[in-house]
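# Structure at a glance
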Amino acid sequence: MAIGGEQCGAADPFEEPERFRSLREGVRAVCARFPDAYWRDLDARREYPEAFVRAMTETGWLGALIPTEYGGLGLGLAEAAVILEEVNRQGGNAGPAHAQMYIMGTLLKHGSEEQKRRYLPGIAAGSIRLQAFGVTEPEAGTDTTRITTTAIRRGDRYVISGRKIYISRVQHSDLMLLLARTSPRDEARPADGMSVFLVDLAAAGAAIRLRRLPMSMNNETNEVEIDGLEVFADNLVGVEGQGFRQIIDGWNAERILIAAECVGDGRWFVERAARYATERIVFGRPIGANQGVQFPIAAAHAQIEAADLVRQRASARFDAGLACGADANLAKYLAAEASWAAANACLDTYGGNGFNSEHDVERKFRETRLYRVAPISNNLVLAYIGHRVLGMPRSY
Ligand SMILES: Cc1cc2nc3c(=O)[nH]c(=O)nc-3n(C[C@H](O)[C@H](O)[C@H](O)COP(=O)(O)OP(=O)(O)OC[C@H]3O[C@@H](n4cnc5c(N)ncnc54)[C@H](O)[C@@H]3O)c2cc1C
């Protein structure tokens, strides 16, 4: 029996459309200016990839989801996903810049016309950065309805106080989208009573204190203490008390984009591992001739290809305005597991070199590990699938 084969002559129904292929080429051209050594050096110094973020902004890609009437590219989520995937696939890290795409949904869907006109053209042009998203709190953790940061209305302002943790990119952003309680938690309706604010970080002065946290990867993430921060009422996004729902609206996009980054990481690991396994000679033959080396790489490749198909289905449904919660969660789960499998296969393939930062594998290994935990842990994704898709009892 033959092991496998190719059918010739048929049109490929899964061939990637030209618009995605040219987008990939464009992103690759920018990434080529920021080779492994660039990321390795920043990682060692824990510095922000300022030049890379500027380059990605100048090409318009970080404003991909901003409608053209506000100066953006007006592209869909499928295109945005391809952009982030390609950054990670080329050895970079989309993490320092991706929030602009994640957060955009909340602002586009729930922001007022005045807010959009005030901020979106600047974000698209790169003069304003919207890269910070303040949800997580030390005590509440994943149970967001238990946040205790409060916003109290006083005349034409809200006065905000509280504590957030693991808030990324605050020190490289002009704006932060912040979730706070505008009324106390009601046990019967815990998701009510939270509101979203656009906070001008430069204007916050001493009302916001930051402590950068020492993380295992180069991610500028902070503990944020907010003490009496005054925010004008016209910086409330959407409807007071409905903030949690407005943020949830953006979560499907976030999960699909994370899945794309994981697919990009996974492909980088598989490509590097396959190449190294073919070139590295031990016991007189390429290590990739040994099934103990070859199979984990092949298995990771299989996982990534499957995750990518679900990711594509999720983004197509999202862009068509269809319900996509199940697909977005499946894609995030599958892709985070696949990139982690690929990371481990690659590290093992590299042997000792896998731990040597000069080979970049250990850096990408640390970076991709995050996505099993944040922005949402795979446990909670499984809890969503178990409850919302399969109808089992709720645990969250
Ligand atoms: C590098 C980094 C950057 C981040 N950036 C941001 C940011 O910019 N903005 C922001 O708001 N947040 C950010 N976060 C926070 C991130 O979203 C949270 O860490 C993540 O959602 C998990 O929450 P937690 O850490 O509070 O874990 P916890 O809620 O304390 O959970 C701990 C563990 O318990 C598990 N668990 C909890 N409840 C259940 C359950 N019901 N069933 C099964 N398992 C459960 C979880 O899966 C997790 O593994 C960032 C985190 C990191 C590490």
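The structure this text deals with has already been given above.
Residues numbered from 1 in each chain as written. Predicted model: local features only at pLDDT ≥ 70, side-chain atom pairs only at ≥ 80, totals over all residues. Heavy atoms only, no water.

### Considerations on the nonpolar core
Membership of the largest hydrophobic core comes to 95 residues, with the highest contact counts inside it found for F52, M56 and M101. Discounting residues that sit within four places of it in the chain, F52 has contacts with C31, F34, Y38, W39, V87 and N93. (Core = buried A, V, L, I, M, F, W, Y, C linked by side-chain atoms within 4.5 Å. Buried < 20%, exposed > 50% of the residue type's maximum accessible area, 1.4 Å probe, protein only. Contact = heavy atoms within 4.5 Å.)

### Section: the site of the ligand
Near the ligand there are 20 residues, and of these F133, T136, T142, Y166 and S377 occur at the shortest range. A distance of 2.8 Å separates a nitrogen atom of the ligand from a polar backbone atom of Y166. One of the side-chain N or O atoms of N379 is found 3.0 Å from a nitrogen atom in the ligand. Alone, the ligand offers 970 Å² of accessible surface; in the complex the protein occludes 67% of this. (Near = heavy atom within 4 Å. Polar contact = N/O pair within 3.5 Å; in protein donor to acceptor, adjacent residues only side chain to side chain. Areas by Shrake-Rupley, 256 points an atom, 1.4 Å probe, with all protein chains shown as cover.)

### Focus: the packing of aromatic side chains
With the rule as written, the count across this model stands at 9 aromatic pairs. Considering the side-chain rings of Y38 and W39, the 5.3 Å spacing of their centres and the 85° angle between planes classify their relative orientation as edge-to-face. Both rings, one in W39 and one in F52, keep their centres 4.9 Å apart while their planes meet at 70°; by these two values the pair is edge-to-face. A residue pair is termed long-range when its members are at least 10 positions apart, and W39 in helix α2 (residues 36–45) and F52 in helix α3 (residues 50–58) qualify at 13 residues. An aromatic cluster is present here, built from F34, Y38, W39 and F52 joined pairwise through their rings. Over the ring of F20 we find R19; its NZ or CZ atom is 4.3 Å from the centre of that ring. One cation-aromatic arrangement involves R394 over Y396; the distance from NZ or CZ to the ring centre is 4.3 Å. (Phe/Tyr/Trp six-rings, centres within 6.5 Å; stacked < 30°, edge-to-face > 60°. Helix = DSSP H or I, 4+ residues; strand = E, 2+ residues; numbered from the N terminus. Lys NZ or Arg CZ within 6 Å of the ring centre and 35° of its normal.)

### Section: the environment of V263
Locating V263 in the fold gives a position in helix α8 (residues 243–279). Overall, V263 belongs to the buried group, its relative accessible area being 1%. Taking the C-alpha atoms as reference points, V263 and R146, separated by 117 residues in sequence, lie 33 Å from one another. Non-local contacts of V263, meaning those with residues more than four positions away in its chain, are made with E85, I304, D308 and A335.

### Structural notes on unusual backbone geometry
The linkage connecting A374 with the following residue, P375, adopts the cis geometry, with an omega of 0°. Among the secondary structure elements, P375 is positioned in the loop between α11 (361–369) and α12 (378–389). One non-glycine residue, Y166, lies in positive phi territory at about 60°. Tracing the chain through its elements places Y166 in strand β3 (residues 157–168). The exposure class of Y166 is partly exposed, given its relative accessible area of 47%. Backbone geometry places F283, a non-glycine residue, at a positive phi of 55°. Tracing the backbone shows F283 in the loop between β9 (281–282) and β10 (285–286). Residue F283 is classed as exposed on the basis of its relative accessible area of 83%.

### With respect to the pairing of strand β7 (residues 221–232)
Direction of pairing for β3 relative to β7: antiparallel, over a ladder of 9 bridges. Within β7, the residue paired with I160 across the bridge is L229. As paired elements, strand β6 (residues 208–212) and β7 share 5 bridges and run antiparallel to each other. By the bridge assignment for β7, R212 is matched with N222. (Pairing = 2+ DSSP bridges.)

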